[in-house]
Amino acid sequence: MRIGHRVATAFALLLSGVLLTACGPAPDPDAVAPGLDAQADVVSGVRRSEAAAALLPARIRDGGVLRIGRSVGGAPPSAFYLADGSTAVGLDVDLTEAVARKLGLRVAAQDAAFETILPALGSGKYDAGTGNFGVTEERKRTIDFATYIRDGQGFAVRSGDDRAPIAEVTALCGQTVGTAKGTTFEATLSAQAHRCTDLGRPAYRVQVFSESSALYSALTQGKVDVIMSTINGLRYAATQQPALRLANEFRRLDVGFALAKDSPLAPALQTAVNELIRDGGYARILDKWGVAASAIPESQVSPPEIH
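Notes on the structure in this doc start here.

Brief notes about the overall build of the chain
Counting its regular elements, the chain contains 12 helices and 10 strands. Taken over 307 residues, the chain has a buried fraction of 56%. Carbon and sulfur atoms form 52% of the exposed surface of the chain, whose accessible area is close to 12,300 Å².

What to know about the packing of helix 11 (residues 266-279) against helix 12 (residues 281-288)
When two helices pack together, their arrangement is given by the angle between the helix axes and the distance between those axes. Where helix 11 meets helix 12, the closest approach of the two axes is 4 Å, and the angle between their N-to-C directions is 85°. Taken together, the axes of helix 11 and helix 12 are roughly perpendicular relative to one another. Each of Leu276, Ile277 and Asp279 in helix 11 lies in contact with helix 12, whose residues at this interface are Gly281, Tyr282 and Arg284.

Digging into the packing of aromatic side chains
Within the structure shown, the criterion is met by 4 aromatic pairs. On the basis of an interplanar angle of 20° and a centroid distance of 5.0 Å, the ring pair of Phe114 and Phe133 is categorised as stacked. Taken together, the residues Phe114 in helix 5 (residues 114-121) and Phe133 in the loop between strand 5 (128-130) and helix 6 (137-140) connect sequence positions 19 residues apart. Residue classification places Phe114 among the buried residues on the basis of a relative accessible area of 4%. Overall, Phe133 belongs to the buried group, its relative accessible area being 1%.

Notes on helix 12
Of the residues making up helix 12, those classed as buried are Gly281, Tyr282, Ile285, Leu286 and Lys288. Taken end-on, helix 12 shows its buried residues confined to a sector of 160°, consistent with a single buried face. Contacts from the buried residues of helix 12 go to helix 4 (91-102), strand 6 (143-158) and helix 11. At the C-terminal side of helix 12, Gly290 shows a positive phi close to 70°.

Let's talk about the pairing of strand 7 (residues 176-180)
Of all 5 residues in strand 7, 5 are buried; the element is thus mostly enclosed. Of the two faces of strand 7, the one carrying Thr176, Gly178 and Ala180 and the one carrying Val177 and Thr179 are both buried. As paired strands, strand 7 and strand 8 (residues 205-209) are joined by 5 bridges and run parallel to one another. Pairing of Gly178 across the sheet is with Gln207, part of strand 8. Note that strand 7 and strand 9 (residues 226-230) share 2 bridges and pair parallel. Considered in strand 9, the bridge of Gly178 is made with Ile227.

What to know about the nonpolar core
A general trend in soluble globular proteins is that nonpolar side chains are found buried together. Of all hydrophobic cores here, the largest spans 40 residues; its most connected members are Leu103 and Leu269. Contributions of two or more residues to this core are made by helix 2 (50-53), strand 1 (65-70), helix 4, strand 6, strand 10 (244-260), helix 11 and helix 12. The element best represented in this core is helix 11, accounting for 6 residues. Dropping the residues within four chain positions of it, Leu103 is found in contact with Arg48, Ala52, Ala53, Leu56, Ala268, Leu269 and Ala272. Among the nonpolar cores identified, the runner-up in size contains 15 residues, and Phe185, Tyr204, Ala247 and Phe250 belong to it.

Here we look at the side chain of Asn274
Residue placement: Asn274 occurs in helix 11. When neighbours within four sequence positions are excluded, Asn274 is seen to be in contact with Glu298 and Ser299.

Reading guide: rules and limits
- Residues numbered from 1 in each chain as written.
- Predicted model: local features only at pLDDT ≥ 70, side-chain atom pairs only at ≥ 80, totals over all residues.
- Heavy atoms only, no water.
- Helix = DSSP H or I, 4+ residues; strand = E, 2+ residues; numbered from the N terminus.
- Buried < 20%, exposed > 50% of the residue type's maximum accessible area, 1.4 Å probe, protein only.
- Areas by Shrake-Rupley, 256 points an atom, 1.4 Å probe, with all protein chains shown as cover.
- Axes fitted to C-alpha atoms, helices over the stretch in contact; angles between N-to-C directions.
- Parallel < 35°, antiparallel > 145°, perpendicular 65-115°, else oblique.
- Contact = heavy atoms within 4.5 Å.
- Phe/Tyr/Trp six-rings, centres within 6.5 Å; stacked < 30°, edge-to-face > 60°.
- Arc of directions from axis to C-beta.
- Pairing = 2+ DSSP bridges.
- Core = buried A, V, L, I, M, F, W, Y, C linked by side-chain atoms within 4.5 Å.

The analysis is restricted to geometry; functional conclusions fall outside its scope.
Written out as structure tokens, the structure reads:
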């Protein structure tokens, strides 16, 4: 999941319906969801904010560039490639560009594996990272965040699976759960794995994947019983593919730009997001990607984890 150009072909197949279903009309690979346009311009009208730009660290302000390590190739609508395998689009892409414009900066994005971005922030390789990074207390020990949306964790099953909504991990006992490597989903499943055996029931098994295409394919082929991923991503997938059914939201998480601990860039990013919220630019971006229900009222720097 989210590993860049080497999964572009597989992911294009995923979007076209080859991996998720063998029948029915294939959706337009350039479409985000029915009625939405992946290439609609919602950021060119964003104007620089002197108040936000004044908060930039001198090095970044003088250089005029925001270096972003981004995870692309994951599940829409966060960040993914169009069918050409090279054009990155998505909520994270648009929000990054809009925030940079507010700050008077040019984005220099480097696509990277999801699990490599957070460790690289401390070395100064990137100014910030994007990849639908959820705010957790564990991550906050070494990473700061400037939040921009509230997404979270959810479950999906095959469309013919008529089980009740999955509200607790104990509903997974004895089953195989697929999820993405290095994510909060994997951490949550690992931390709560004891709950089944505490009840005297068979433990669930966790199978991790580095590619979205492999994760979804494993579900449709019956190699895993359930997948755990982002709420917004699963909602999108369910609108595109009849082979998939959302089986419940599990928990919400704030999502934000990831930064090195105590980064002086955090207040500038926070202010830029808040100005976008106030002037309507934020709503236009969320509306484009069909995630208005995940809007936040204001950006925060490293807020408490939602429980």
